[in-house]
Amino acid sequence: MPVCIRCGREVETLVDGRLCPSCYVEVRGLGEAPEELRLTVCPRCGSYRFQGEWMPPPPGGLEDVVAMLFQARFRPHPEVTHYRVEEVVLEKSYDGDYALIRVVGGLRGVEGEHEALYRVRLRVAHQLCPACFRRASGAPTAIVQIRGTGGRLGEDERRMVEEVISSLGSGIAESVISVDEVREGIDIKMMDQHAARTLASKLRSSLAAAVKESHKLIGQRRDGRRVYRLTLSVRLPFFSEGSLVSYRGRLARVEEIARGYVLVRPLGGERLHRLRVEDAWRLLEEPRYEDEADVVVAAVEPGWIHLQETGGAYRYLELRRSEVTVEGEPRVGKNARLIRHNGRYYLLA
Ligand SMILES: [Zn+2]
Ligand SMILES: [Zn+2]
């Protein structure tokens, strides 16, 4: 009888000529699963968008939608004769939503069925379907316009914004009429001004965004009351957690942004400065470097530090300890980054 090269058992059939059925499924699964699934769901009625079309809500809810999308993207191995999605469990993790998907299938020449488990990242966008949109009385009463520095929104910024939006409860999501990716950023149309303000203030407190409100008259009710549309223009700062910034003329790192405060630490020290978002906008500047180089620490002496530039230039620098702010532990032979900002050297070791 043939022997499995992995577990050494004798079996009737080796699935791919090398592995017994259980080793095969353990090592290779039943097929290639997508890394992530993106789905758009209507927060009001549960309809979902599939290949550009809106479909009515399935009886099994979101789990059914996930099963269907998964099946459409799953690529079974050639040794797999048939398979089906047996179970979908949705899981909320600190870093986002996931689906645990149990797939059951048969292997060529092997009796019975085997199962494989897949964990797939879920990216769920909420958007009103056309039917709910029509019912939602037409004109949005609030627009949240999210923009980056320089008027554009980068890929990382879009991701951060997406995370903030998905961290808000369904009360906010239910108010969203549409999320439009425009050239300059993201426009979110909402039915409820209170929900729009909640979203904007969350972007302020967790990404240090600056928020401006404006109102536009869009009509008048029968009783004479005027109807205004609220526009919240939300601008993200040039910095985010981990950025180097210029703070009172010196280089500093943004350590944390939370609850409406930006925690900044001047390089070379331990002390954190706690700035309100508005003060951070005023006090933090995008740093300009007079010089920037990858170096290796060549020698460390009591008042001096010697650096050898790497990457082409091979400059040799002898710097006084008093003219360089050291971040980290510069040991001989260690690679580091040398930055000159505002007439001062910074060594990031
Ligand atoms: Zn085996
Ligand atoms: Zn709907």
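Note that the structure is predicted; figures quoted are calculated from it, not measured.

**Observations regarding the overall build of the protein**
Secondary structure assignment for the protein yields seven helices and 24 strands. Once the C-alpha set of the protein is aligned to its principal axes, its extents read approximately 80 × 75 × 30 Å. Burial statistics for the protein: of 349 residues in total, 27% are counted as buried. Contacts spanning at least 24 positions in sequence make up 52% of the contacts within the protein whose residues lie at least 6 apart.

**What to know about the sheet that holds strand 11 (residues 185-190)**
Backbone hydrogen bonds hold the strands of a sheet together, and the pairing may be parallel or antiparallel. Spatial ordering of the open sheet is given by 10-11-9-13-12, a layout of five strands whose pairing is mixed. Here the strands that pair on one side only, and so sit at the sheet edges, are strand 10 (176-182) and strand 12 (210-220). Within the sheet, the average angular offset between the axes of one strand and its neighbour, ignoring direction, is 15°. Both strand 9 (residues 142-147) and strand 11 contribute to a ladder of six bridges, which runs antiparallel. The residue bridging Arg147 from the neighbouring strand is Gly185, located in strand 11.

**Re the domain arrangement of the protein**
Its domain assignment divides the protein into domain 1 (21-124), domain 2 (136-235), domain 3 (244-285) and domain 4 (291-348). The C-alpha-based centres of domain 3 and domain 4 are spaced at 24 Å. With six residues of domain 3 in contact, the opposing surface of domain 4 contributes seven residues. When its residues are assigned to classes, the side of domain 3 that touches domain 4 shows two nonpolar, three polar and one charged.

**What to know about helix 1 (residues 21-28)**
Of the positions making up helix 1, those classed as buried are Pro21, Tyr24 and Val25. When helix 1 is viewed along its axis, its buried side chains cluster within an angular range of 95° and face the same direction. In this fold, the buried residues of helix 1 make contact with strand 7 (96-107) and strand 8 (114-126). Gly29 sits one or two residues past helix 1 and shows a positive phi near 70°.

**Notes on the sheet that holds strand 21 (residues 316-320)**
One open sheet holds the six strands; their spatial order is 21-20-19-23-24-22, and the pairing between them is mixed. The sheet is open, and its two borders are formed by strand 21 and strand 22 (324-327), each paired with just one other strand. Neighbour-to-neighbour, the strand axes of the sheet open up by a mean angle of 35°, direction not taken into account. Both strand 22 and strand 24 (residues 344-348) contribute to a ladder of four bridges, which runs parallel. Considered in strand 24, the bridge of Val324 is made with Tyr345.

**Some points on helix 2 (residues 62-73)**
Residues separated by three or four positions in an α-helix point in the same direction, a consequence of the helix having 3.6 residues per turn. Along its 12 residues, helix 2 runs 17 Å from first to last C-alpha, staying within 8% of the 16 Å computed at 1.5 Å per residue. Turning to helix 2, its buried residues number three or more, namely Val65, Val66, Ala67 and Leu69. Next to the buried residues of helix 2 lie strand 2 (36-41), strand 3 (48-50), strand 6 (80-93), strand 7 and strand 8.

**Concerning unusual backbone geometry**
For Ala208, which is not glycine, the phi torsion reads 60° and is therefore positive. With respect to the helices, strands and loops of the structure, Ala208 is situated in the loop between helix 6 (193-207) and strand 12. We note that Arg259 has phi near 50°; this positive angle belongs to a residue other than glycine. C-beta crowding within 10 Å serves as the criterion here: with 8 such atoms nearby, Arg259 is assigned to the exposed category.

**A short note on the pairing of strand 10**
Here strand 10 runs beside strand 11; their pairing, made up of six bridges, is antiparallel. Counted as the bridge partner of Ser178 is Lys189 from strand 11.

**Remarks on the packing of helix 4 (residues 155-167) against helix 6**
Between helix 4 and helix 6, the shortest axis-to-axis distance is 10 Å and the interhelical angle comes to 125°. As the angle between them shows, helix 4 and helix 6 are arranged oblique. For the pair helix 4 and helix 6, the sense of crossing is right-handed. Here Met160, Val161, Val164 and Ile165 of helix 4 come into contact with helix 6, specifically with Leu199, Lys202, Leu203, Ser206 and Leu207. When grouped by side-chain class, the residues that make up the contact of helix 4 with helix 6 number seven nonpolar, one polar and one charged.

Parameters at a glance
- Residues numbered from 1 in each chain as written.
- Chains lettered and ligands numbered in written order.
- Predicted model: local features only at pLDDT ≥ 70, side-chain atom pairs only at ≥ 80, totals over all residues.
- Helix = DSSP H or I, 4+ residues; strand = E, 2+ residues; numbered from the N terminus.
- Buried ≥ 20, exposed ≤ 12 C-beta atoms within 10 Å, placed from the backbone.
- Contact = placed C-beta atoms within 7 Å.
- Pairing = 2+ DSSP bridges.
- Axes fitted to C-alpha atoms, helices over the stretch in contact; angles between N-to-C directions.
- Domains from an automatic or database assignment.
- Nonpolar A, V, L, I, M, F, W, Y, C, P; charged D, E, K, R; others polar.
- Arc of directions from axis to C-beta.
- Expected span 1.5 Å × (residues − 1).
- Parallel < 35°, antiparallel > 145°, perpendicular 65-115°, else oblique.
- Left-handed = near helix turned anticlockwise from the far one by under 90°.

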